[in-house]
Amino acid sequence: MTAEPAEAVDWLKSTFLKTELELGHCLRLPAEGPCECDLYLTCAKFVTTPDYAPRLRARLEVEQQLVQDADERGWTREVERHTAVARRLTGLLTDLGETTAPGDGNSSGRSSCTSTD
């Protein structure tokens with residue numbers, strides 16, 4: 001038997017610790033310790049929602065600018081790094097059914113790594 005969506009959400013809320021990040025949340029078990037915030041875009045425990053779409057689009061725009069700057073300077077590894085981040089952000093937006101077109105980019109004043117336990 002599978003849980004109803006509301007029951008599943010309640011279970012997640014009661015079982016996992018949540019760390020609010022710039023672009024979503026990190027879900028982890030208490031025994032796993034604190035989140036490694038600088039690696040969150042590639043972490044399997046990172047989740048995001050459409051509420052973060054403006055931030056994701058703003059970050060994508062920054063990464064695209066950094067790709068262009070690094071390319072102009074001939075910094076191949078930086079081009080690769082920022083391209084990979086931009087690809088991940090594009091994938092997140094696509095998975096959320098959101099556009100990658102620049103939005104308002106409003107960050108609503110949240111910090112980049114704040115415990116919400």
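Scoring rules and cut-offs
- Residues numbered from 1 in each chain as written.
- Predicted model: local features only at pLDDT ≥ 70, side-chain atom pairs only at ≥ 80, totals over all residues.
- Heavy atoms only, no water.
- pLDDT = per-residue confidence, 0-100.
- Contact = heavy atoms within 4.5 Å.
- Salt bridge = Lys/Arg side-chain N within 4 Å of Asp/Glu carboxyl O.
- Helix = DSSP H or I, 4+ residues; strand = E, 2+ residues; numbered from the N terminus.
- Buried < 20%, exposed > 50% of the residue type's maximum accessible area, 1.4 Å probe, protein only.

The predicted model of the protein has a mean per-residue pLDDT of 77, with 65% of residues at 70 or higher. In this model, residues 104-117 is a region of pLDDT below 50 whose contacts with residues beyond four sequence positions or in other chains number 28 contacts.

Attention shifts here to the pattern of salt bridges. Within the structure shown, the criterion is met by 5 salt bridges. Glu80 serves as the salt-bridge partner of Arg77, at 2.6 Å between the closest nitrogen and oxygen. One end of the pair is Arg77 and the other is Glu80, both in helix H3 (residues 76-95) and 3 residues apart, which spans about a single turn. A relative accessible area of 62% places Arg77 in the exposed class. Put simply, Glu78 and Arg81 hold a salt bridge, and the shortest N to O gap is 2.7 Å. Separated by 3 residues within a single helix, Glu78 and Arg81 lie in helix H3, roughly one turn from each other. A relative accessible area of 27% places Glu78 in the partly exposed class.

With that settled, the discussion passes to the environment of Thr90. The topology assignment puts Thr90 in helix H3. Overall, the relative accessible area of 30% leaves Thr90 in the partly exposed class. A sequence separation of 30 residues divides Thr90 from Leu60, and the C-alpha atoms of the two residues are 7.2 Å apart. With residues up to four places along the chain from it excluded, the contact list for Thr90 reads Leu60 and Thr100.

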